[in-house]
Amino acid sequence: MQTFNSADFRLGILGGGQLGKMLIQSAMDFGIEVHVLDPDYNASCSSYCHHFKVGSFKDFHDVYHFGKSLDLLTIEIENVNVEALKRLQEEGRRVFPQPQLIELIQDKGLQKDFFVANGIPTSPFIKIADRDELQQHLDKFPAVQKLRKSGYDGRGVYMINSADDLSNAFNEPSILEERVNFEKELSVLVARNESGQVATYDVVEMEFNTDANLVEMLFSPASIPAEMAREAREIAVKVIEKLDLVGLLAVEMFATPDGKLWVNELAPRPHNSGHHTIEACVTSQYEQHLRAILNLPLGSTALCSKAVMVNLLGAPGYTGDARYQGFAELAGLEGAHVHLYSKKKTKPFRKMGHVTIMDDDLEKALEKARIIKEKFKIIA
Ligand code: ADP
């Protein structure tokens, strides 16, 4: 029987944001020593890990030198230097998710090619090199232009309604995708360990804030027919198995009014749509990610309670040292679990924290979420 000496085991995380911080919380349960690399010495993780290294996770040398004395490397953001991870892997470090899969997922064009090649349903698209090329595709508007690389939280997404919008379009390698008239946005978290064991969580339904262009509220289980939920989970399993990915994967999907599911994009790490699993599921997405990359048996994904998660975003109009208006009232809401991300500075729509509200009556939980959105404010 194998032994696991957690005290001697050093895990490195590329990226020191809130996802890293919550991953550290789970690593603490396993007694694992955690090292973090992030360029911001004030990053969420900075005070909570064994060793915090200030440096760029996009830089070859910073990543290579950070990783070479560690046992296992993982990520909490996908825009990392893949070449350094490949080198570390060649030299015997363990790296999960695998560097070549991070590389594939970093590029929305390659992600789409992967979906098509593997029969994963996704919206029709073409790849374009620059803004000028859009002129040849006027017949495809309205459409969505997405930067192939480095987009996040909607910042690499541009809605093109007509040729009038072209002057503001991205002038970089992009994909031009059919605009989907979706009814719902869904997410399925799926994990796979090295032995090939796979587990999915209940489907999450995301509610988008169109002003901020990011998800503001989500709940699980999604209010969709059982058959659609089963299909969504099957698609997520197919994606992770076709990729052979080890770790946690978030599979974002659109549900169309005629009941079809289209995969939008992938995130190979713990994800915003899985925060609720900390309190609402037997095994949190963070622990599950650790189990997967350590090749331990995956934990139960069962929901202990229905749950709503609200992202706490910096209020528009405030930039500077963060203050939390209405915090006591928020903490006083029955069934509400508050997470603040230890970010000193707020700015409009910055993700500063989240709240998970557990209630088997989803309507009641959603009502509390609306109260939070109305009464709680992050100002400077
Ligand atoms: P990011 O990687 O920045 O999160 P996404 O690809 O998830 O970018 O797009 C952000 C949001 O834009 C989506 O959640 C969705 O609301 C909208 N969107 C993206 N693609 C499409 C599409 N093809 N049709 C309609 N809306 C879309």
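Residues numbered from 1 in each chain as written. Predicted model: local features only at pLDDT ≥ 70, side-chain atom pairs only at ≥ 80, totals over all residues. Heavy atoms only, no water.

Undergrad: How should I be thinking about the overall build of the protein chain in this particular structure?
TA: Broken down by element type, the protein chain carries eleven helices and 22 strands. Taken against the 2.2 N^0.38 rule, which gives 21 Å for 380 residues, the C-alpha radius of gyration of the protein chain at 20 Å falls within 12% of a compact globule. Sorting the 380 residues of the protein chain into buried and exposed places 55% on the buried side. Of the contacts formed within the protein chain by residues at least 6 apart in sequence, a portion of 63% connects residues at least 24 apart. Accessible surface for the protein chain amounts to roughly 16,600 Å². Of this, 48% is attributable to carbon and sulfur atoms. Averaging the locations of the 42 positively and 53 negatively charged side chains of the protein chain gives two centres separated by 3 Å. (Helix = DSSP H or I, 4+ residues; strand = E, 2+ residues; numbered from the N terminus. Rg over C-alpha atoms; globule rule 2.2 N^0.38 Å. Buried < 20%, exposed > 50% of the residue type's maximum accessible area, 1.4 Å probe, protein only. Contact = heavy atoms within 4.5 Å. Areas by Shrake-Rupley, 256 points an atom, 1.4 Å probe, with all protein chains shown as cover. Lys, Arg positive; Asp, Glu negative; His and termini not counted. Charge placed at Lys NZ, Arg CZ, Asp CG, Glu CD.)

Undergrad: Just checking my understanding: could you explain the packing of helix 1 (residues 18-29) against helix 9 (residues 285-293) for this structure?
TA: Packed helices, taken two at a time, are described by the angle their axes make and the gap between the axes. Two elements in contact, helix 1 and helix 9, have axes separated by 8 Å at closest approach and are oriented at 70°. As the angle between them shows, helix 1 and helix 9 are arranged roughly perpendicular. Remark: the crossing between helix 1 and helix 9 carries right-handed chirality. Within the contact between the two elements, helix 1 uses Leu19, Met22, Leu23, Ser26 and Ala27 and helix 9 uses Tyr286, Glu287, His289 and Leu290. For the contact of helix 1 with helix 9, the class distribution of residues is six nonpolar, two polar and one charged. (Axes fitted to C-alpha atoms, helices over the stretch in contact; angles between N-to-C directions. Parallel < 35°, antiparallel > 145°, perpendicular 65-115°, else oblique. Left-handed = near helix turned anticlockwise from the far one by under 90°. Nonpolar A, V, L, I, M, F, W, Y, C, P; charged D, E, K, R; others polar.)

Undergrad: So what exactly am I meant to see when it comes to the pattern of salt bridges here?
TA: One pass over the structure, following the stated rule, counts 19 salt bridges. Of the charged contacts in the structure, one is a salt bridge between Glu78 and Arg269, with a shortest N-O distance of 2.4 Å. Separated by 191 residues along the polypeptide, Glu78 in the loop between strand 4 (72-75) and helix 3 (82-90) and Arg269 in the loop between strand 15 (261-267) and helix 8 (277-280) bring together distant segments of the chain. Classification of Glu78 as buried rests on a relative accessible area of 14%. With a closest N to O distance of 2.4 Å, Glu234 and Arg230 form a salt bridge. Remark: Arg230 and Glu234 occur in helix 7 (residues 226-243); sequence separation between them is four residues, near one turn of the helix. (Salt bridge = Lys/Arg side-chain N within 4 Å of Asp/Glu carboxyl O.)

Undergrad: Can you walk me through unusual backbone geometry in this structure?
TA: Leaving glycine out, the prevailing phi sign among residues is negative, and the prevailing peptide bond configuration is trans. Across the junction of Phe141 and Pro142, the peptide omega takes the value 0°, indicating a cis bond. Summarising the element assignment, Pro142 is placed in the loop between helix 6 (131-134) and strand 7 (143-147). Cis geometry is adopted by the peptide bond preceding Pro221, which originates at Ser220 and carries an omega value of 0°. For Pro221, the position within the fold is in the loop between strand 13 (214-220) and helix 7. One non-glycine residue, Ser150, lies in positive phi territory at about 70°.

Undergrad: Which parts of the structure should I look at to understand the side chain of Ser284?
TA: Its location among the elements puts Ser284 in the loop between helix 8 and helix 9. Side-chain polar atoms of Ser284 contact the backbone nitrogen of Glu287, separated by 3.0 Å. Excluding its chain neighbours within four sequence positions, the residues that come into contact with Ser284 are Ser26, Tyr201, Thr277 and Ile278. (Polar contact = N/O pair within 3.5 Å; in protein donor to acceptor, adjacent residues only side chain to side chain.)

Undergrad: How should I be thinking about the sheet that holds strand 9 (residues 174-178) in this particular structure?
TA: The strands that make up a sheet pair up through hydrogen bonds in the backbone, lying either parallel or antiparallel. Strand order in the open sheet made by the four strands is 6-9-7-8, with antiparallel pairing throughout. What marks the edges here is a single partner per strand, and that holds for strand 6 (125-128) and strand 8 (157-160). Across the sheet, the mean angle from the axis of one strand to that of its neighbour is 25°, orientation sign disregarded. Taken together, the five bridges between strand 7 and strand 9 define a ladder with antiparallel strand orientation. Paired with Lys146 across the strands is Ile175, a residue of strand 9. Set on the sheet, helix 5 (residues 108-117) makes contact with strand 6, strand 7 and strand 9; between it and strand 6 the angle comes to about 145°. (Pairing = 2+ DSSP bridges.)

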